[in-house]
Amino acid sequence: MERAVSDWKPYACLWLLLAAGAGGCATHADRVRVGRDLYFGGQAEQAALEFEKLLPKTGQDREVVELDLAMAQLFAGRPAVAEQTLRQVRDRFDHLEQKDLAEATLSYVLDDNQRSYAGEDYEKVLIRVMLALTNLMGDGGDAEAYSLQAATKQQQLIESGAQLAEENPKNAYRRVAAGAYLHGVLREATHGNYDDAERAFATVVSWQPGFSAGGFDLQRVRQGRHSAPGNGVLYLFALVGRGPYKRQVSEIPTSQAMFVADRIISAVGKHSLPPTLAPIKVPQVVTSENRLDRVLVQIDGRPVGATETITDVGQLAVQQYQAVYPYVLGRAVARRAVKKAAVYAVKEQVDDLNVWASLAMDAAGVVWEATESADTRCWSLLPDTIQVLRVELPAGQHHVALRPGWGAIPLGGEAHVTVAIEDGRNCYALACCPDPRFVGQILVSAP
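Residues numbered from 1 in each chain as written. Predicted model: local features only at pLDDT ≥ 70, side-chain atom pairs only at ≥ 80, totals over all residues. Heavy atoms only, no water.

A. A look at the overall build of the protein chain. Regarding its fold elements, the protein chain presents 15 helices and 12 strands. Counting only residues that meet the buried cut, the protein chain has 51% of its 447 residues in that class. Contacts in the protein chain between residues at least 24 apart in sequence constitute 76% of all its contacts with a sequence separation of at least 6. Taken as a whole, the protein chain presents about 19900 Å² of accessible surface, with 55% of it coming from carbon and sulfur. (Helix = DSSP H or I, 4+ residues; strand = E, 2+ residues; numbered from the N terminus. Buried < 20%, exposed > 50% of the residue type's maximum accessible area, 1.4 Å probe, protein only. Contact = heavy atoms within 4.5 Å. Areas by Shrake-Rupley, 256 points an atom, 1.4 Å probe, with all protein chains shown as cover.)

B. Broad picture of the side chain of N135. Mapping N135 onto the fold places it in helix α8 (residues 121–136). The exposure class of N135 is buried, given its relative accessible area of 3%. For N135, the residues in contact, after removing those within four places along its chain, are E83, G140, G141, D142, A143 and Y146.

C. Representation of the environment of T134 within the structure. Looking at the secondary structure, you find T134 in helix α8. For the pair T134 and P79, spaced 55 residues apart in sequence, the C-alpha to C-alpha distance is 5.7 Å. Sequence-distant contacts of T134, defined by excluding residues within four places in its chain, comprise L74, P79, A82, E83 and L86. Of the polar contacts made by the side chain of T134, one reaches the backbone oxygen of M130; its length is 2.7 Å. (Polar contact = N/O pair within 3.5 Å; in protein donor to acceptor, adjacent residues only side chain to side chain.)

D. The packing of aromatic side chains, seen in detail. All chains considered together, the criterion is met by nine aromatic pairs. Ring geometry for F93 and Y117: centres 6.0 Å apart, planes at 70 degrees, overall edge-to-face. Remark: Y117 occurs in the loop between α7 (101–109) and α8 and F93 occurs in helix α6 (residues 79–96); sequence separation between them is 24 residues. Put simply, the rings of Y181, F201, F211, Y235, F237 and Y428 touch in pairs and so form one group of aromatic residues. The lysine or arginine in question, R242, covers the ring of F40, its NZ or CZ lying 3.8 Å from the ring centre. (Phe/Tyr/Trp six-rings, centres within 6.5 Å; stacked < 30°, edge-to-face > 60°. Lys NZ or Arg CZ within 6 Å of the ring centre and 35° of its normal.)

E. The sheet that holds strand β1 (residues 231–242), seen in detail. The strand order across the open sheet built from five strands is β6-β7-β1-β11-β12, with neighbouring strands paired in mixed fashion. Each having just a single partner strand, β6 (308–312) and β12 (443–444) make up the two edges of the open sheet. (Pairing = 2+ DSSP bridges.)

F. Structural context of the environment of R425. Summarising the element assignment, R425 is placed in the loop between β10 (415–421) and β11 (426–433). Accessibility expressed as a relative area gives 45% for R425, which makes it partly exposed. The contacts of R425, once residues within four sequence positions are left out, are H226, G232 and V233. Separated by 3.0 Å, the side chains of R425 and E422 make a polar contact.

G. Layout of helix α5 (residues 62–75). End to end, α5 covers 20 Å across 14 residues, agreeing with the expected 20 Å (1.5 Å per residue, within 8%). One or two residues past the end of α5 sits G77, with phi positive at roughly 90 degrees. (Expected span 1.5 Å × (residues − 1).)

H. Representation of the pairing of strand β7 (residues 383–394) within the structure. The buried fraction of β7 amounts to nine of the 12 residues, a majority that puts the element mostly inside the structure. Relative to β7, β1 runs antiparallel, the two sharing 11 bridges. Its bridge partner being in β7, F237 is matched across the sheet by V388. Here four bridges tie β6 to β7, and the two strands are oriented antiparallel to one another. Opposite T309, over in β7, you have Q387 as the bridge partner.

I. Region of interest: the nonpolar core. By size, the foremost hydrophobic cluster in this structure holds 82 residues, and its most contacted members are Y39, F75, L126 and Y181. Setting aside its immediate chain neighbours within four residues, F75 contacts Y39, A44, L239, L430, A431, C432, V439, G440, Q441 and L443. (Core = buried A, V, L, I, M, F, W, Y, C linked by side-chain atoms within 4.5 Å.)

J. Structural view of the confidence of the model for the protein chain. Taken over all residues, the pLDDT of the protein chain has a mean of 84, while the share at 70 or more is 77%. This stretch, residues 1–9, has a pLDDT under 50; its non-local contacts, to residues over four places away or in other chains, come to one contact. Confidence over residues 257–269 falls short of pLDDT 50; this stretch has 21 contacts with residues more than four positions distant or in other chains. (pLDDT = per-residue confidence, 0-100.)

The following block contains the structure:
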């Protein structure tokens, strides 16, 4: 009897792994769909409540849910709370850059959804940009520090790519100009650090050459002129369009290569391998289709222009992800190889393995491989673009009307806000329109 029980141990190990991988089928996108729909429907407060309800059930998804929660909190009119949420995720992402052997092992046994979400590189930089913008909607005391952190983190992430290959793939990363722009704006606002502002705006022009206002910014700070006497400046920031997201795709050529390898090993080896029937699944970052590309602005009933892109988040995310995609694919192939090796190792432990037992174990291996899902977690409420419009205005109260647009064509309804401009000082406003409607409130910095 003892022999019979021990003979089943290898099978039991394989079926336990199978059971572990056959848990719930709901994806991260399924879990956050209600909150996202509320947010895109303009209901920021209700979206925040929905995300908060999810937090106790999140597990390894907690940080990525909190990113979306912070966006909803911000446009629900709670920038201080949103800032605290973003800070927590930023610190957690930094901590998760340390390797966790247990999580890494489990991710090879099952899939990458078993790992705590540590953020894509573009998300780690944009957290700091969003922290700066969020802080500006309060007292603004930490906004400059956050803008500098964005540049520092960006450089650190690029340098970390040297560990991946002799030729660092992250050297090709598109840079995030929004952090440098905010730094230049804040340096200029001191009326005494124009050299710092000039270096920051020169960086913006280099990183975002299509930003036409950058040349005017450089010319202005070189002249040492913030604004004319009696005037102040309104900076209107807009988060425009729906941002990038991840979808699951199948790497067919790689799956075919694995199939050939299976057949070769099965032909020359002592035991067969589970055939590669389930395709190798990997995440892919893609951009959303958007119906708007700017915000049209009127002040005191007079058109003053439209916001302009300072950071194209969609292009940034896709380009950065493509730079490291071979390593994402490599992990997926390695995971498949580990699973096949595990089945082969179990067969090696069984004496006198008959054909039916071998087929049963191959079938179990096929099911095990089919349970893999690509890790499609991402910061789903990022915008497609971060945009800005700078307007110099006389000191006093001004009525601002905003309307989403496609080129010069206005779309959707207007949003209105009143701003107080002070002589020689900046005022900041922040709006969000993922669709031809605004989400929640138009935020304005404290006087």
